[in-house]
Amino acid sequence: MRYRVSSAVSHISEELLDSYTALPADEHLRADHGFRFRAFGEADVKGDLLRWEEDSTFFQGDDINDYAGGVRRKFAPLGAAARAFAERFVVSRVTREIVDAEEFRIGCHQIRITAAGERPGLPAPEGFHQDGFDYVAVTCVATENVSGGISLVRENTPDGEHLVERTMPAGETLFLADREVQHYVSPITPKVPGLAAHRDVFVITFSLGETTR
C-alpha cells in the first residue's frame, strides 16, 4: 500500500469541531502573517490502549524538513476532544488493517490553516515532502469558504509519478506509506472574497516498533 482513502466521519465529534477555534498560533511558522494554528501530542499504543505523553516536543531532521527541521518544536497540548478522536481513530478497523502492529508510537497534529483577503494559507510551506515516519494519516475535519487545498501525492523520486490529486471533503482520511511517497497540499484562498477561510485537519503519524515504555 502506498496510499489509501477512507472515511473518518464517525470519529469526528461536535466537540472536536468546536475545539479548532481555540487553537493557538504556530510560533514556529516562518511567514509575515500568521496562517497556521496548532496543537500536538504523542502517545504509545499497546493493543487498544493509548498512554499519552504529558509533555511532548516535535522533532524532524533537516534532511526530512528543510523548512523547520533540526529544531525541537513545542506546541500547545492536545485537548480532550482531540485525544478522544485520536483514540477512536487508532483502534478502528481500517487503521489496524493498515498499521499491522500491536505496539507503535503516534504523533498527533491538530492544525487549522486560515486565509483572508490577499493572504493565502499554506498547508505545506515546505512543498512536496515526507514526514519521516512509517505511516501518516491526514484527516480533513472541516473546511469553510476554501478554494484550493488540493492534496497531491507522488512517488518518492525526483520526477515521481503523481498518484493522487484530489480536494479532500470533510471526513475523509488519506493514509500514506510515508517512506514510499511524497505529499503536498496546495495553498488555500477564500472562495468568496471578503470572507475568511479555514481548513481544519488532523494528522497522525505512526512509528512502528517505537514506544517509550
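Residues numbered from 1 in each chain as written. Predicted model: local features only at pLDDT ≥ 70, side-chain atom pairs only at ≥ 80, totals over all residues. Heavy atoms only, no water.

1. Describing the sheet that holds strand β9 (residues 162-167)
Here comes step 1: Here we have three strands laid out as an open sheet, ordered β9-β8-β11, and antiparallel in their pairing. The open sheet has two edge strands with one neighbour each: β9 and β11 (181-185). On average, adjacent strands in this sheet sit at an angle of 10° to one another, irrespective of strand direction. (Pairing = 2+ DSSP bridges. Helix = DSSP H or I, 4+ residues; strand = E, 2+ residues; numbered from the N terminus. Axes fitted to C-alpha atoms, helices over the stretch in contact; angles between N-to-C directions.)

2. With respect to the environment of Ser13
Here comes step 1: In this structure, Ser13 sits in the loop between β1 (3-7) and α1 (14-19).
Here comes step 2: The exposure class of Ser13 is buried, given its relative accessible area of 18%.
Here comes step 3: A sequence separation of 128 residues divides Ser13 from Val141, and the C-alpha atoms of the two residues are 9.7 Å apart.
Here comes step 4: Polar side-chain contacts of Ser13 include one of 3.0 Å to the backbone nitrogen of Leu16. (Buried < 20%, exposed > 50% of the residue type's maximum accessible area, 1.4 Å probe, protein only. Polar contact = N/O pair within 3.5 Å; in protein donor to acceptor, adjacent residues only side chain to side chain.)

3. Observations regarding the nonpolar core
Here comes step 1: Ile106, Phe202 and Phe206 are the most contacted members of the largest nonpolar core, which totals 33 residues.
Here comes step 2: At the level of elements, β2 (36-46), β3 (49-52), α2 (80-90), α3 (93-98), β5 (103-115), β6 (135-144), β10 (172-177) and β13 (197-208) are the ones that each hand at least two residues to this core.
Here comes step 3: No other element matches the six residues that α2 contributes to this core.
Here comes step 4: Contact partners of Phe202, with chain neighbours within four places excluded, come to Tyr20, Leu78, Ala82, Phe85, Ala86, Cys108, His109, Gln110, Ala137, Val138, Thr139 and Val141.
Here comes step 5: Residues Ile111, Val136, Val146 and Val203 belong to the second largest nonpolar core, which totals 12 residues. (Core = buried A, V, L, I, M, F, W, Y, C linked by side-chain atoms within 4.5 Å. Contact = heavy atoms within 4.5 Å.)

4. Notes on the pairing of β10
Here comes step 1: Counting buried positions along β10 gives six out of six residues, so the element sits mostly inside the fold.
Here comes step 2: Side chains of β10 alternate between two faces, with Glu172, Leu174 and Leu176 and Thr173, Phe175 and Ala177 buried alike.
Here comes step 3: As defined by bridge partners, β1 adjoins β10 across five bridges and the pair is classed as antiparallel. Across the sheet, Arg4 pairs through a bridge with Phe175, a residue of β10.

5. Considerations on the pattern of salt bridges
Here comes step 1: The full count for this structure, using the stated rule, is 12 salt bridges.
Here comes step 2: In this structure, Arg38 and Asp26 form a salt bridge, with 3.4 Å as the shortest nitrogen-oxygen distance. Highlighted residues: Arg38 in strand β2 and Asp26 in the loop between α1 and β2, separated in sequence by 12 residues.
Here comes step 3: Note on Arg38: relative accessible area 7%, which makes it buried.
Here comes step 4: Connected via shared salt-bridge partners are Glu42, Asp44, Glu53 and Arg105. (Salt bridge = Lys/Arg side-chain N within 4 Å of Asp/Glu carboxyl O.)

Function cannot be inferred from these measures alone, as they are strictly geometric.
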